[in-house]
Amino acid sequence: MKVLVAVKRTIDPNVKVRVKSDQTGVETANVKMAMNPFCEIAVEEAVRMKEAGSANEVVAVSAGADKAQETLRTALAMGADRAVHIVTEAELQPLAVARLLKVIADEEQPGLVIMGKQAIDDDSNQTGQMLAALLGWPQATFASEIEFKDGTADVTREIDGGLETLNVNLPAVVTTDLRLNEPRYASLPNIMKAKKKPIDRREADALGVDISPRLAIHKVEEPPKREAGIKVADVAELVAKLRDDAKVIG
Amino acid sequence: MSEQRAFIDLDDDHRELREPVSALCARYPGEYWREKDRERAYPEEFVQALTDAGFLAALIPERYGGSGLGIGAGAAILEEIHASGCNGGACHAQMYTMGTVLRHGSDQQKETYLPQIASGARRLQAFGVTEPTTGSDTTQLRTTAERRPDGDYTVNGQKVWISRAEHSDLLLLLARTTPAAETKKRTEGLSVFLVELERAVGNGLEIRPIRTMINHATTELFFDDLVIPGSSLIGEEGRGFRYILDGMNAERILIAAECIGDSRWFIEKASAYATERQVFGRPIGANQGVQFPIAEAYAQMEAARLMVQKAAALFDAGRPCGPEANMAKLLAAEASWKAADTCLQTHGGFGFAEEYDVERKFREARLYRVAPISTNLVLAYLGQHVLGMPRSY
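Scoring rules and cut-offs
- Residues numbered from 1 in each chain as written.
- Chains lettered and ligands numbered in written order.
- Predicted model: local features only at pLDDT ≥ 70, side-chain atom pairs only at ≥ 80, totals over all residues.
- Heavy atoms only, no water.
- Helix = DSSP H or I, 4+ residues; strand = E, 2+ residues; numbered from the N terminus.
- Rg over C-alpha atoms; globule rule 2.2 N^0.38 Å.
- Buried < 20%, exposed > 50% of the residue type's maximum accessible area, 1.4 Å probe, protein only.
- Contact = heavy atoms within 4.5 Å.
- Areas by Shrake-Rupley, 256 points an atom, 1.4 Å probe, with all protein chains shown as cover.
- Lys, Arg positive; Asp, Glu negative; His and termini not counted.
- Charge placed at Lys NZ, Arg CZ, Asp CG, Glu CD.
- Salt bridge = Lys/Arg side-chain N within 4 Å of Asp/Glu carboxyl O.
- Pairing = 2+ DSSP bridges.
- Axes fitted to C-alpha atoms, helices over the stretch in contact; angles between N-to-C directions.
- 1 Å grid on protein atoms, 1.4 Å probe; cavity = no way out; pocket = protein on both sides within 12 Å on 5 of 7 lines; lining within 4 Å.
- Points joined across faces, edges and corners; volume = space filled by probe spheres on them.
- Domains from an automatic or database assignment.
- Nonpolar A, V, L, I, M, F, W, Y, C, P; charged D, E, K, R; others polar.
- Phe/Tyr/Trp six-rings, centres within 6.5 Å; stacked < 30°, edge-to-face > 60°.
- Lys NZ or Arg CZ within 6 Å of the ring centre and 35° of its normal.
- Buried area = accessible area lost by both parts, 1.4 Å probe.
- Disulfide = S-S within 2.5 Å.

Visitor: Can you help me understand the overall build of chain B in this one?
Guide: The secondary structure content of chain B amounts to 13 helices and 10 strands. Relative to its length of 393 residues, chain B is compact, with a C-alpha radius of gyration of 21 Å against a globular reference of 21 Å. Its C-alpha atoms put chain B at 80 × 45 × 40 Å along the principal axes. For chain B, with 393 residues in total, the buried portion stands at 55%. Sequence-distant contacts, at least 24 apart, represent 73% of the contacts inside chain B between residues at least 6 apart. Counting only carbon and sulfur atoms, one obtains 51% of the accessible surface of chain B, whose full area is about 17,200 Å². Positive and negative charge centroids in chain B, built from 43 and 53 side chains respectively, lie 4 Å apart.

Here you go:
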């Protein structure tokens, strides 16, 4: 089985994000970038599938500017066999990415598409679901465990109140949650090997899909500063404050 | 060595190594280093992770199990470690000490030791040169290795400031094999040995840790009739001083790269804090008295970085690079100290609080104006060997 794993280049999760002074977005110039942590988990899972023998090829794909290539190199260094870079300078929203990924999925015909449940920059949590719909494939989101049997996959999902296990037919789209695995480090020998692995450059404009934005961002602001709290003497005062001042109870 | 064109690739600079190194380092945050510092403990987990990922074997040729990369790649790895707030001082010598074995060891020594060093099965990260009575005037060292009738050597003497000896399996040792009085030049009669510490400790070698201002695992070594096999001699007897000098440039360049990494860390911390911290109703960084020193530290770091890149480019082309390696170390150590001081000043009182990591990094950065070569010795080298002024020593 071939596994297609989608990865996104985002601001490094260890960097403190700053809002641009014109409030159109967050500052990305001269900011350290890295692979989105949920995508790292997806790559790790795909590589483990290959190591376990349930997959025979792992193809990483990313859409974005030239720098996305570095993120693909990381995926290759973690163990992906080859990569596809959909090159575009355009701003990409989830639907656009899903459409681009569909083109690649149609060409590659993978048995499984695996990707992060969301990216830590815009937290959309939409691309996997949209891709499944466009492909007409089953989807299993927020995976914390994946097991294959007889051409299907048992996917354990983290939901409110506990765990749910879905059985999906393959091919399917699976999105990964935080506890699926702990991604490996890219080792130096594998980084060197990754330099020789092929990255297929595809111009987004030539893939024949509409990637124009559907959503407009009006304003990006810092979250409000946390104000100091107050101490209450007893439960009666707490209830009174919640009712009269905060107006959160009736 | 063949003479090749040396060039700096400003666009590449080993970018493929940087993200993976910083991703690994992200798992060892400030809290990890604060605890090690508090306990004066060796960062074993961090060193093991770097070893397992093969980063410390970067410079070992592929045929011996390393990645066969140049010094520029090693510099990029160590720079990223320091820019991430981690400290390569615990293990950077594992990267370069093997160079003496690689260049001057016998085939058998290389076959035996290099693959073990590459895999991390054995650590070679202790280098015994400095003695209590001889600092940079290395040729005056008093530790002796006397050849016995059976071909083995008996070692007597004392070494000091030997870093990581307690966390190393092998020690590269410089000792006098012919008394200075019997040689034509002071630089002759010194020999290099590769000592297996697991056999030596308790059998004529004692290692005593020295508590210092920073958590650097440095020690004193006492040799009392330690017998080491004749096979531990590296290269020819009496030529050790030359062999040691060969390794110095690599060390200078790599440690300069760590200083660049430290500078980046300090400047990033300082500029973030100056932008965020509000006093008198505006960020303190709006005041030029706060902003300009940070900008100046940045300019100094970038200038020093160019010299590190130049030295590395020459080194990797197999060209002489003594002046450049020394200047890289000098300029980078000064740049990181300037950045450290500026970062502390920008943070005011908070800079002294352990949880900000600034005070710890400040202490650590100070080391590199002293070790592995002091700033004055670099200046003496430049003044006398490059500019031809009268010798002071």
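Visitor: I keep staring at the pattern of salt bridges and nothing clicks. Help me out?
Guide: Opposite charge on two side chains permits pairing when their charged atoms draw close. All names here are of chain B. For the structure shown, the criterion picks out 56 salt bridges over all chains. Across the pair R63 and E111 runs a salt bridge, and its minimum N-O distance is 3.2 Å. Of this pair, R63 sits in the loop between α3 (44–52) and α4 (71–83) while E111 is found in helix α7 (residues 107–119), placing the two residues 48 residues apart along the sequence. On the accessibility criterion, E111 (45% relative accessible area) is partly exposed. Across the pair R199 and E196 runs a salt bridge, and its minimum N-O distance is 3.2 Å. A relative accessible area of 52% places R199 in the exposed class. For E196, a relative accessible area of 16% translates into the label buried. A cluster of three or more residues bridged by salt bridges with shared partners is formed by D13, R18, E79, E80, R264, E302 and R305.

Visitor: Help me understand the sheet that holds strand β5 (residues 82–87) of chain A in this model?
Guide: Picture the strands of a sheet paired through backbone hydrogen bonds; they go either parallel or antiparallel. Residues and elements named next belong to chain A. What the nine strands build is an open sheet, ordered β9-β8-β7-β10-β6-β1-β4-β5-β11; its pairing is mixed. The outermost strands of the open sheet, each flanked by one partner alone, are β9 (162–169) and β11 (199–203). Looking at each pair of strands side by side, their axes are set apart by 30° on average, direction ignored. Where strand β7 (residues 139–149) lies against strand β8 (residues 152–159), six bridges are found, and the strand directions are antiparallel. Its bridge partner being in β8, A143 is matched across the sheet by R157. Contacts between helix α3 (residues 94–108) and the sheet are confined to β1 (2–6), β4 (57–64), β5, β6 (112–116) and β11, with β5 contributing the most and set at about 145° to the helix.

Visitor: Looking at this structure, I do not really get empty space enclosed by the protein. What am I missing?
Guide: Residue and element names in this part refer to chain B. Per the stated rule, a full pass over the model turns up three cavities of 30 Å³ or more. In this model, the largest cavity occupies a volume close to 130 Å³. What lines the largest cavity is a set of 13 residues, among which W33, P43, N87, A90 and N215 lie closest to the centre. Secondary structure elements with two or more residues in the lining of the largest cavity: α2 (30–39) and α12 (358–366). Here the lining of the largest cavity gathers at least three residues from each of two domains, domain 1 (15–119) and domain 2 (124–238). Reported here for the second largest cavity is a volume of approximately 80 Å³. Around the second largest cavity, the lining residues are Y96, T97, T100, F127, L172, I244, G247, M248 and E251. Per-element accounting of the lining of the second largest cavity gives the leading share, four residues, to helix α9 (residues 240–276). Broken down by class, the residue content of the lining of the second largest cavity amounts to five nonpolar, three polar and one charged.

Visitor: Can you help me understand the packing of aromatic side chains in this one?
Guide: Scanning the model with the defined rule gives nine aromatic pairs over all chains in all. Consider the rings of B:Y273 and B:Y356, whose centres lie 6.5 Å apart with planes at 90°: the pair is edge-to-face. Linking B:Y273 in helix α9 with B:Y356 in the loop between α11 (322–347) and α12, this pair joins segments that are 83 residues apart in sequence. On the basis of relative accessibility, which here comes to 11%, the residue B:Y273 falls in the buried class. Look at B:Y356 and you get partly exposed, because its relative accessible area is 24%. Ring plane angle 40° and centroid distance 4.8 Å describe the contact between B:W337 and B:F362, whose orientation is recorded as tilted. Of this pair, B:W337 sits in helix α11 while B:F362 sits in helix α12, and the two are 25 residues apart along the sequence. Following the ring pairs from residue to residue traces out a cluster consisting of B:Y28, B:Y32, B:W33 and B:F46. Lying across the ring of A:F142, A:K117 places its NZ or CZ 5.1 Å from the centre. Here the guanidinium or amino end of B:R366 rests over the ring plane of B:W337, the centre of that ring lying 5.3 Å away.

Visitor: Help me out: how do you make sense of the domain arrangement of chain B in this one?
Guide: Often the size quoted for an interface is simply the accessible area lost on bringing the parts together. Residue and element names in this part refer to chain B. Assigned domains within chain B: domain 1 (15–119), domain 2 (124–238) and domain 3 (242–386). The interface is formed by 20 residues belonging to domain 1 together with 22 residues belonging to domain 2. In total, domain 1 and domain 2 occlude about 1,700 Å² of area from one another, counting both sides; carbon and sulfur atoms represent 56% of this. Contact with domain 2 buries surface across domain 1, with R40, Y42 and Y113 losing the most and accounting together for 34% of the total. In this structure, the connection of domain 1 to domain 2 is made through zero salt bridges.

Visitor: How should I be thinking about the state of the cysteines in this particular structure?
Guide: Should the sulfur atoms of two cysteines be covalently bonded, the bond is a disulfide. All names here are of chain B. Taken as a whole and judged by the stated rule, the model has zero disulfides over all chains. With no disulfide of its own, C25 lies 3.9 Å from the sulfur of C86, the closest cysteine sulfur. Take C25: its relative accessible area is 2%, and that puts it in the buried class.

Visitor: Just checking my understanding: could you explain unusual backbone geometry for this structure?
Guide: Trans is the common state for peptide bonds, and a negative phi is the common state for residues other than glycine. Cis geometry marks the peptide bond from A:L170 to A:P171, where omega comes out at 0°. Structurally, A:P171 can be placed in the loop between β9 and β10 (172–176). Residue B:A371 is joined to B:P372 through a cis peptide bond whose omega torsion reads 0°. Of note in this structure, B:R40 is not a glycine but carries a positive phi near 50°. With respect to the element layout, B:R40 can be found in the loop between α2 and α3. You can call B:R40 partly exposed: its relative accessible area is 25%.

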